[in-house]
Amino acid sequence: MIKTDKSKKLVEMASRIIPGGVSSPVRAFKSVTGCPRIIEKGEGGYLHDIDGNKYIDFCCSWGPLILGHNDPDITKAVKDQIDKGMTFGTSTEIEYKLAEFIVGHVEPVEKIRFVSSGTEAVMSAIRTARGFTERDLIVKFDGCYHGHSDHLLVKAGSGLATFGQPSSAGVPADITKNTIVLPLDDDEALEKLFSEKGDQIAAVIIEGIPANNGLLIQRHDYMRLLRALTEKYGTLLILDEVITGFRLGMGGAAAYYGLHPDLITYGKIIGGGMPVGAFGGRADVMDVLSPDGPVYQAGTLSGNPVAMSAGLATLTKLSNGKIYSELEENNRKFVSKLTQNLDKMMVNIVGIASLYWVVFQKDIPRSASAISPNGIAHYNRMHERILNKGVYLPPSGYEVCFISNAHTEEMFEKTIEVLTSVIKEEAHEWV
Ligand code: PMP
């Protein structure tokens with residue numbers, strides 16, 4: 001039996017001084033059974049907890065760690081920078097180098113600005129779009145997450161296109177009244193909204209590949225329609241690549257779809273594991289930002305040199321393309337082997353690039369409403385058993401799994417063995 005005494009004790013103590021014992025809610029394991037594991041260290045593809053257990057980590061800090069834990073090149077870049085200082089509150093050369101790198105590799109990004117989180121990147125991109133277009137309305141999709149800024153914490157109502165209801169206490173309805181929520185994968189709803197309100201919409205924001213509420217891979221023609229309609233009505237298209245940026249290859253989801261968004265938001269991988277975010281895109285749009293333009297945006301730690309160093313080292317390592325093709329090949333093999341093992345069971349392993357999602361339903365969903373809550377409940381019930389066998393999957397069936405280039409063949413084999421046995425066990429209990 002796996003020991004979790006130390007984790008349990010610490011979680012209990014922490015809950016007295018930190019709400020829910022966590023700095024971000026999903027870490028509290030409320031959707032699954034079992035105790036959150038308190039992590040002591042990461043090592044390649046493994047997480048080690050304070051009770052001495054070791055797990056194959058498919059959470060990878062929710063995406064930044066495409067090179068695994070403690071990649072020596074990234075660690076060295078960070079240490080070298082720390083020796084020179086942590087933050088100066090003014091510009092550094094490393095910040096220009098990372099900007100130059102991203103602008104040089106991502107065609108739609110002509111100018112970029114750094115911030116400290118994905119939330120901040122999206123919040124700033126929305127303000128920029130509103131400032132540029134001088135319009136207030138924004139459109140988001142049911143099932144896409146864009147961080148926790150007020151105007152994006154919105155859930156869809158029952159209609160096709162609805163004005164957003166706040167999905168969190170503390171968010172005034174007055175703020176979300178300018179956010180329209182559409183279902184994903186619905187051409188008609190999109191066309192109808194644009195024909196009615198297109199010229200009032202500042203921006204449409206969509207995740208590169210929606211990956212915060214299942215892995216909802218969109219049709220290429222749907223994304224093309226989105227681009228065509230936004231262009232027609234002078235609405236800016238913001239592609240939120242906080243997850244997909246530099247994960248779906250150097251050009252991210254924009255390149256995957258052959259799409260040219262007006263703005264792109266980043267986080268996660270571009271900071272190599274340090275807190276970071278960025279937004280960038282058309283030069284004429286970015287030029288509305290302060291100090292050149294009227295849209296205010298700022299940050300004490302924006303462009304932090306340690307984060308910039310970790311990010312540049314990560315992107316440089318990824319830039320020869322070899323790592324992407326290996327990741328893709330490993331994921332493809334893993335997904336197809338696991339799918340074969342679970343043949344005829346009510347489960348799909350959805351995979352793309354270095355992301356996969358385990359979903360317990362017959363058809364692969366492309367929109368939030370097509371996800372079966374029952375299937376999610378199956379995942380949530382078996383999570384602890386999987387964890388106790390040494391495989392760390394994200395603690396909610398709505399979350400996707402990330403692979404890194406530190407995941408070895410042996411780790412994939414063990415994961416296939418564990419998932420196959422636990423899913424088969426669980427399947428007996430479905431009837
Ligand atoms: N956008 C997307 C697509 C995300 O996945 C996330 C975080 N999961 C965010 C924005 C918010 O980023 P952060 O947690 O760094 O604020």
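Residues numbered from 1 in each chain as written. Predicted model: local features only at pLDDT ≥ 70, side-chain atom pairs only at ≥ 80, totals over all residues. Heavy atoms only, no water.

Some thoughts on the site of the ligand
Okay, step 1: In the vicinity of the ligand, the residues found are S117, G118, T119, Y145, H146, G147, E207, N212, D240, V242, I243 and K268.
Okay, step 2: Here G118 contributes a backbone N or O atom positioned 2.8 Å from an oxygen atom of the ligand.
Okay, step 3: In this structure, a nitrogen atom belonging to the ligand sits 3.5 Å away from a main-chain N or O atom of Y145.
Okay, step 4: With the chains in place, 81% of the 390 Å² that the ligand exposes on its own is no longer accessible. (Near = heavy atom within 4 Å. Polar contact = N/O pair within 3.5 Å; in protein donor to acceptor, adjacent residues only side chain to side chain. Areas by Shrake-Rupley, 256 points an atom, 1.4 Å probe, with all protein chains shown as cover.)

Brief notes about the packing of helix 12 (residues 373-388) against helix 13 (residues 409-428)
Okay, step 1: Interaxial distance between helix 12 and helix 13 falls to 10 Å at its minimum, and their mutual angle equals 130°. Classified by the angle between their axes, helix 12 and helix 13 sit oblique to one another. Viewed along their axes, helix 12 and helix 13 form a crossing whose handedness is right-handed. Residues H378, R381, M382, R385 and I386 of helix 12 lie in contact with helix 13, whose contacting residues are V418, L419, V422, I423, E425 and E426.
Okay, step 2: Its residues placed into classes, the contact of helix 12 with helix 13 shows six nonpolar, one polar and four charged. (Axes fitted to C-alpha atoms, helices over the stretch in contact; angles between N-to-C directions. Helix = DSSP H or I, 4+ residues; strand = E, 2+ residues; numbered from the N terminus. Parallel < 35°, antiparallel > 145°, perpendicular 65-115°, else oblique. Left-handed = near helix turned anticlockwise from the far one by under 90°. Contact = heavy atoms within 4.5 Å. Nonpolar A, V, L, I, M, F, W, Y, C, P; charged D, E, K, R; others polar.)

Digging into the nonpolar core
Okay, step 1: Counting 104 residues, the largest nonpolar core has I102, F141, F246, Y266 and Y356 as the members making the most contacts within it.
Okay, step 2: Setting aside anything within four residues of it in sequence, one finds F246 in contact with I66, F101, I102, V106, G252, Y266, I269, I270, L315, L318 and Y324.
Okay, step 3: The next biggest cluster of nonpolar side chains, apart from the first, holds 19 residues, and it includes A121, A203, I205 and L263. (Core = buried A, V, L, I, M, F, W, Y, C linked by side-chain atoms within 4.5 Å. Buried < 20%, exposed > 50% of the residue type's maximum accessible area, 1.4 Å probe, protein only.)

Quick notes on the pattern of salt bridges
Okay, step 1: Counted according to the given criterion, the structure contains 21 salt bridges.
Okay, step 2: Residues K317 and D71 are paired through a salt bridge, measuring 2.8 Å at the closest nitrogen-oxygen approach. You can see K317 sitting in helix 10 (residues 305-318) and its partner D71 sitting in the loop between strand 3 (54-57) and helix 2 (72-84), a full 246 residues away along the chain.
Okay, step 3: Taking the relative accessible area as the measure of exposure, K317 reaches 25% and is therefore partly exposed.
Okay, step 4: Given the relative accessible area of 9%, D71 is considered buried. (Salt bridge = Lys/Arg side-chain N within 4 Å of Asp/Glu carboxyl O.)

As for the domain arrangement of the chain
Reports of interface size often rely on the accessible area that becomes lost once the parts have come together.
Okay, step 1: Structurally, the chain comprises domain 1 (5-62 + 321-429) and domain 2 (72-318).
Okay, step 2: One C-alpha centre belongs to domain 1, the other to domain 2, and the line joining them spans 26 Å.
Okay, step 3: Taken together, the contact pairs 22 residues of domain 1 with 24 residues of domain 2.
Okay, step 4: Summing both sides of the interface, domain 1 and domain 2 together bury roughly 2,000 Å²; the carbon and sulfur share of this comes to 63%.
Okay, step 5: Of all residues in domain 1, the largest losses of buried area upon contact with domain 2 belong to Y324, I352 and R366, amounting jointly to 36% of the total for that side.
Okay, step 6: If you look at where domain 1 meets domain 2, you find one salt bridge.
Okay, step 7: Here D185 makes a salt bridge to R366, at a shortest N to O gap of 3.2 Å. (Domains from an automatic or database assignment. Buried area = accessible area lost by both parts, 1.4 Å probe.)

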